[in-house]
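Each chain, letter by letter, is given below.
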Amino acid sequence: CSPWKDKSCCTANTSHAAHTDVSYLYNFNWDHCGIMSDLCKTHFIHDTCFYECSPNLGPWIVQVDQTWRKERIVDVPLCKEDCESWYNDCQNDFTCMDNWHIGWDWSTKINRCPQGKPCRRLGDVFPSAKDFCEKVWSNSYKFTDYERSSGRCMRLTFDNDDVTPNVKVAEYYAELKGGAHNPRLALTIILAPVFTLWTV
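Predicted model, so just to flag it, every value in this text is computed and none were measured.

Peer 1: Tell me about the packing of helix 2 (residues 38-53) against helix 3 (residues 80-90), residues and numbers included.
Peer 2: Two elements in contact, helix 2 and helix 3, have axes whose closest approach is 7 Å; the angle formed by their N-to-C orientations is 140°. Considered as vectors, helix 2 and helix 3 are oriented oblique to each other. Considering the relative orientation of helix 2 and helix 3, their crossing is left-handed. On helix 3, the residues that touch Leu39, Cys40, His43, Phe44 and Asp47 of helix 2 are Ser85, Trp86, Asp89 and Cys90. Classifying every residue of the contact of helix 2 with helix 3 gives five nonpolar, two polar and two charged.

Peer 1: Let's hear about the pattern of salt bridges: which residues, and what values?
Peer 2: Per the stated rule, a full pass over the model turns up five salt bridges. Arg148 serves as the salt-bridge partner of Asp82, at 2.7 Å between the closest nitrogen and oxygen. You can see Asp82 sitting in helix 3 and its partner Arg148 sitting in the loop between strand 6 (141-143) and helix 6 (164-176), a full 66 residues away along the chain. Asp124 is the salt-bridge partner of Arg121, the closest N and O atoms lying 3.3 Å from each other.

Peer 1: A description of the confidence of the model for the protein should follow, citing residues and the corresponding values.
Peer 2: Detail in the predicted coordinates should be disregarded across regions flagged by low pLDDT. On average, residues of the protein score 85 in pLDDT, and 86% of them reach the 70 mark or higher. Overall, residues 180-200 carries pLDDT values under 50, and its contacts beyond four positions in sequence, including any with other chains, amount to 46 contacts.

Peer 1: Pulling in residues and values, what's your account of the state of the cysteines?
Peer 2: In the structure shown here, the tally under the stated rule is seven disulfides. Each sulfur in the disulfide pair Cys10 and Cys53 lies 2.0 Å from the other. Taking the torsion about the S-S bond as the criterion, the Cys10 to Cys53 disulfide, at about 85°, is right-handed. In this pair, Cys10 sits in the segment before helix 1 (12-17) while Cys53 sits in helix 2, placing the two residues 43 residues apart along the sequence. On the basis of relative accessible area, Cys10 is assigned to the buried category, the value being 2%.

Peer 1: How would you explain unusual backbone geometry if you had to name every residue and give the values?
Peer 2: Positive phi, normally seen in glycine, also occurs at Asp75, with a value near 60°. At Ser138, a residue that is not glycine, the phi angle is positive and equals roughly 40°.

What counts, and where the lines are drawn
- Residues numbered from 1 in each chain as written.
- Predicted model: local features only at pLDDT ≥ 70, side-chain atom pairs only at ≥ 80, totals over all residues.
- Heavy atoms only, no water.
- Axes fitted to C-alpha atoms, helices over the stretch in contact; angles between N-to-C directions.
- Helix = DSSP H or I, 4+ residues; strand = E, 2+ residues; numbered from the N terminus.
- Parallel < 35°, antiparallel > 145°, perpendicular 65-115°, else oblique.
- Left-handed = near helix turned anticlockwise from the far one by under 90°.
- Contact = heavy atoms within 4.5 Å.
- Nonpolar A, V, L, I, M, F, W, Y, C, P; charged D, E, K, R; others polar.
- Salt bridge = Lys/Arg side-chain N within 4 Å of Asp/Glu carboxyl O.
- pLDDT = per-residue confidence, 0-100.
- Disulfide = S-S within 2.5 Å.
- Buried < 20%, exposed > 50% of the residue type's maximum accessible area, 1.4 Å probe, protein only.

Here you go:
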């Protein structure tokens, strides 16, 4: 999770766990329908690092009343390139669920496909990049036509670990949502350097 090594909302242990096939973070098994391709898995690792470590998600955090969490992100505007490359690299992998947040068989404490939900090609479960990015984590992300250069969408990966573009996007949406009058929203962005990641 090196892009967030300087200003992060996660620890080095979390960063390490994000890269394991079944981590202590959620006991979630990427290989629930056979071995996920490395190309596809890399995107899900980037997604986990972004969710766990990015200090710039304040404008999209909402309160929830769930046993395993009290907050979540909703409708984070995802850059078109990030969504489409994620989908394109995963569409030939397999899954049995169109919403990976709910509906799994957890009887073994690791997610398994529930009875009656056969494994299918991911590109058949999700017919488009938009459908995939918005549904796979129950609307955590919102597909946009914005390109990375627009300054209006969030990126999951960075070529040079410079997360400045995401900082500026978060500031833009915080202001749009009244961040200047919402201390918690503003602090989420301003007081970002909670942890320093010493490993990746």
